[in-house]
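Structure assessment
So you can see what is in the structure, the chains are spelled out below.
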Amino acid sequence: MNKKTEEIFRDAPVPKAVISNAIPSIISMIMVLLYNLADTFFIGQTKDPLMVAAVSVATPAFLIFMAVGMMFGIGGTSLISRWLGEKKEDGVKKVSSFCCWTGVVIGVISMVGIWCFTEPISKLVGASADTMAYTNQYLKIVATSIPFLIFGNVFSNVIRAEGHAKTAMTGMIVGNMVNIVLDPIMILGLKWYVGGAAAATVIGNLCSAGFYLWHLLGGKSILSVKLSDYSASRKIVTGVLAIGIPASLNSIMMSVSNIFLNNTMAHYGDMAVAGLGVAMKVNMIVVMLLIGLGVGVQPLLGYCYGARNKERFVAIFKFSLFLAFVCSLVMTAICYLGAEPLVKVFLDNEAAHGFAFSFSRIYILSGPIIGILFVLINAIQSTGAALPAFILSISRQGLVYIPVLEILYHVFDDARHVAMAQPIADYMSVIIATVLFVLTYKKYIAKF
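Throughout what follows, the structure given in this document is the object of discussion. (Residues numbered from 1 in each chain as written. Predicted model: local features only at pLDDT ≥ 70, side-chain atom pairs only at ≥ 80, totals over all residues. Heavy atoms only, no water.)

Section: the environment of glutamate 340
This is how it is decided: Helix and strand definitions follow DSSP, with helices as H or I runs of at least four residues and strands as E runs of at least two, each counted in order from the N terminus. Note on definitions: a residue-residue contact is assigned when non-hydrogen atoms from the two residues lie within 4.5 Å.
With respect to the element layout, glutamate 340 can be found in helix H13 (residues 339-346). With 17 residues separating them in the primary sequence, glutamate 340 and phenylalanine 357 have C-alpha atoms 6.2 Å apart. Setting aside residues up to four positions removed in sequence, glutamate 340 forms contacts with His353 and Phe357.

A look at helix H5 (residues 118-125)
Convention followed: Exposure categories follow from relative accessible area, calculated using a 1.4 Å probe and restricted to protein chains: below 20% of the type maximum is buried, above 50% is exposed, and the middle band is partly exposed. The directions considered for the arc are those from the helix axis to the C-beta atoms.
Within H5, burial applies to Thr118, Ser122 and Val125. The arc that holds every buried residue of H5, seen down its axis, measures 70°, which confines them to one face. Those residues of H5 that are exposed and angled more than 90 degrees off the buried face are Lys123 and Leu124. In this structure, the buried residues of H5 make contact with helix H3 (49-85), helix H4 (92-116), helix H6 (132-143) and helix H10 (234-265).

Observations regarding unusual backbone geometry
One non-glycine residue, lysine 191, adopts positive backbone phi at about 60°. Turning to its location among the elements, lysine 191 is positioned in the loop between helix H8 (165-189) and helix H9 (194-217). Phi angles above zero are rare outside glycine, and arginine 308 is one such case at about 60°. Residue arginine 308 is classed as partly exposed on the basis of its relative accessible area, which comes to 45%.

Overview of a nonpolar patch on the surface
Counted only if it meets this: The patch calculation keeps residues exceeding 30% relative accessible area without a salt bridge and links them within 9 Å when they carry like charges or within 5 Å when they are nonpolar (Val, Leu, Ile, Met, Phe, Trp, Tyr). Methods summary: accessible areas were calculated by the Shrake-Rupley approach with a probe of 1.4 Å, and residue burial reflects only the protein chains presented. Note on definitions: salt bridges are taken to be side-chain nitrogens of Lys or Arg within 4 Å of carboxyl oxygens of Asp or Glu.
A surface patch of nonpolar side chains, about 470 Å² in accessible area, is lined by Met177, Val181, Ile185, Leu190 and Trp192. Inspection of the secondary structure assignment puts isoleucine 185 in helix H8.

Focus on helix H19 (residues 421-445)
Basically, it comes down to this: Expected helix span is computed as 1.5 Å times (number of residues minus one).
Its 25 residues place the ends of H19 34 Å apart at the C-alpha level, agreeing with the 36 Å of an ideal helix rising 1.5 Å per residue. Within H19 the residues assigned to the buried category are Ala421, Gln422, Pro423, Ala425, Asp426, Ser429, Val430, Ala433, Leu436, Phe437, Thr440 and Ile445.

Section: the packing of aromatic side chains
Cut-off, in case you're wondering: Two aromatic rings, drawn from Phe, Tyr or Trp (for Trp, its six-membered ring), form a pair once their centres lie within 6.5 Å of each other, and the interplanar angle then sorts them: stacked below 30 degrees, edge-to-face above 60, tilted otherwise. Any Lys NZ or Arg CZ found within 6 Å of a ring centre and within 35 degrees of that ring's normal is scored as a charge over the ring.
In the structure shown here, the tally under the stated rule is 11 aromatic pairs. Centre to centre, the rings of phenylalanine 41 and phenylalanine 42 are 4.9 Å apart; their planes meet at 75°, and the pair counts as edge-to-face. Judged by relative accessible area, which is 15%, phenylalanine 42 ranks as buried. Measuring from ring centre to ring centre gives 5.9 Å for phenylalanine 72 and phenylalanine 98, while their planes differ by 75°; the resulting arrangement is edge-to-face. A residue pair is termed long-range when its members are at least 10 positions apart, and phenylalanine 72 in helix H3 and phenylalanine 98 in helix H4 qualify at 26 residues. Here phenylalanine 72 matches phenylalanine 98 in class, with each residue buried. Taken together, the ring pairs in this structure connect Phe72, Phe98 and Tyr230 into an aromatic cluster. We note arginine 308 situated over the ring of tyrosine 305; from NZ or CZ to the ring centre the distance is 5.1 Å.

So, the nonpolar core
Basically, it comes down to this: As used in this record, nonpolar core signifies buried Ala, Val, Leu, Ile, Met, Phe, Trp, Tyr and Cys residues forming a set joined through side-chain atoms within 4.5 Å.
Counting residues in hydrophobic clusters, the biggest one holds 142 residues, and the most contacted among them are Phe62, Tyr138, Phe151 and Phe155. Examining the composition of this core, we find that 21 residues originate from one element, helix H11 (residues 270-306), more than from any other.

A word on the pattern of salt bridges
According to the stated counting rule, one finds three salt bridges in the structure shown. Put simply, arginine 10 and aspartate 11 hold a salt bridge, and the shortest N to O gap is 2.8 Å. Of the residues examined, aspartate 11 reaches a relative accessible area of 46% and is grouped as partly exposed. Between glutamate 119 and lysine 123 there is a salt bridge, with its nearest N and O atoms 3.9 Å apart. In this pair, glutamate 119 and lysine 123 are both assigned in helix H5, four residues apart and thus about one turn of the helix distant.

Re the packing of H10 against H11
Our working definition: Fitted lines through C-alpha atoms serve as axes, helices being fitted only where they are in contact, and the angles separating the N-to-C directions of these axes extend from 0 to 180 degrees. Crossings are assigned a handedness: left-handed for a near helix turned anticlockwise from the far helix by less than a right angle, right-handed for a clockwise turn. Following the grouping adopted for this structure description, the nonpolar residues are Ala, Val, Leu, Ile, Met, Phe, Trp, Tyr, Cys and Pro, the charged ones are Asp, Glu, Lys and Arg, and the polar ones are all others, Gly among them.
Packing of H10 against H11 leaves a shortest axis separation of 9 Å and a crossing angle of 145°. As H10 runs across H11, the sense of the crossing is right-handed. The segment H10 lies against H11, with Asn258, Leu261, Asn262 and Met265 engaging Ala272, Val273, Leu276 and Met280. A class-by-class count of the residues in the contact of H10 with H11 yields six nonpolar, two polar and no charged.

Quick look at the packing of H4 against H10
It is the contact of H4 with H10, at a shortest axis distance of 10 Å, that shows an interaxial angle of 65°. The two elements H4 and H10 meet at a crossing, and its hand is right-handed. Contacts between H4 and H10 involve Lys94, Val95, Phe98 and Cys99 on the former and, on the latter, Ile236, Val237 and Val240. By residue class, the composition of the contact of H4 with H10 is six nonpolar, no polar and one charged.

Looking at empty space enclosed by the protein
Empty pockets left among the atoms are what a rolling probe the size of a water molecule brings to light. Defined as follows: In this analysis the probe radius is 1.4 Å and the grid spacing 1 Å, with only protein atoms considered; a cavity is a set of points the probe fits into but cannot get out of, a pocket is an open set with protein on both sides within 12 Å along at least five of seven lines, and lining residues have an atom within 4 Å of a point. Grid points are joined across faces, edges and corners, and a volume is the space filled by probe spheres set on the points.
Under the definition given, this model contains three cavities of 30 Å³ or more. Around the second largest cavity, the lining residues are Ala53, Val57, Gly126, Ser128, Thr131, Ala266, Asp270 and Val273. Contributions of two or more residues to the lining of the second largest cavity are made by H3 and H11.

Re the side chain of serine 257
Put simply, the rule reads: Nitrogen and oxygen atoms within 3.5 Å of one another constitute a polar contact, given that in protein one can donate a hydrogen and the other can accept it, and given that sequence-neighbouring residues count only through two side-chain atoms.
Mapped onto the secondary structure, serine 257 falls in helix H10. On the basis of relative accessible area, serine 257 is assigned to the buried category, the value being 0%. A distance of 2.9 Å separates a polar atom in the side chain of serine 257 from a polar atom in the side chain of glutamine 397. Once you skip the residues sitting within four places of it in the chain, serine 257 turns out to touch Gln397, Tyr401 and Ile402.

Describing the environment of leucine 293
With respect to the element layout, leucine 293 can be found in helix H11. A residue is classified by how much of its surface remains accessible, and leucine 293, at 1% relative accessible area, is buried. Placed 267 residues apart in sequence, leucine 293 and isoleucine 26 show a C-alpha to C-alpha distance of 5.7 Å. In this structure, leucine 293 is in contact with Ala22, Ile26, Ser320, Leu323 and Ala324, ignoring residues within four places of it in sequence.

In structure tokens:
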């Protein structure tokens, strides 16, 4: 860690430290959001809601592989930031190489698996007879980039741990901008439609991974991707996976819950599925920004924890909560009031538009508290507290969400009531996260 970066982590005024780390992370998440919105927007210009539904249905499958990247990325970030706080820089290269190569190998195996079992996977994620061909096409093409998707997700997180938040942001921007520029060319210009959206995603992932590799090999980083630095020692494996598995489980549970939701919404027809996909994109405007804030402050909190600096840890945590709440309120108001024009950007089918507008207004109900949830999650992860992180990871989109979804479906059997499962789960998860953070603080931090 260079001197300037260490000064920001250790000595800079709390607002400056938080904002300087959070803004690049937020911008990265905004770019991910724009990439997701661009896919849906340009597919929507085909005027075929079945294509919109197919891309929405295929998305959960790739959340699983993003989860692998998060497992090594967030797990590696937590361990590396703590070791930097403890001045254990010699082991950082080994952690970095372990996260890189283990993730890439899993990515290659996953790529081959999707190629071999495309149709069963499409059925599993909720493709109907009408959307099956489009879903199969999208999955097969995007599967090509899974190793690069995982590599990019690993280092978009891990690079932040050494204080290079702007570099992590730039890698995300490069990949997503390439995707956004290629979308209209490949989807509409070349008339490749769903295949064009998939091809643009593949090329974007390649460019993002290439940028991070250039940074890592350029002599500006203390991280490593050399096989000679690879180590799967017990300390590294347990240190990464103790936080990485809970973090990835959260993403996997999001994928699983989306599959449950897609299959549930399929009872109301493909227009409901298409409308749901658009509503989730609108809701992502709030969610991605606030995820960026939470992820951005995690290395700061991890460094303070490793350095046993309780006073600074608490100050950063409190300021982050305040900032998250303010941002949550502002973004919620924007998305609630702007739901109608935002939905119209993606859909003009009357039936699908009605579903999308209703679902958008419902999903945004949890907006005011969602930022608090993500700060709490990242604060717990920064301490390496495996059990609380695990409980949180399986709660929001799993133990809480899926039962609520099933209850609402069987009690009301109405698409709009079913959509209420998400805000209900979010409020319940904030309560759980608050309790777990208090317990974590008493056990790991209060004794400093």
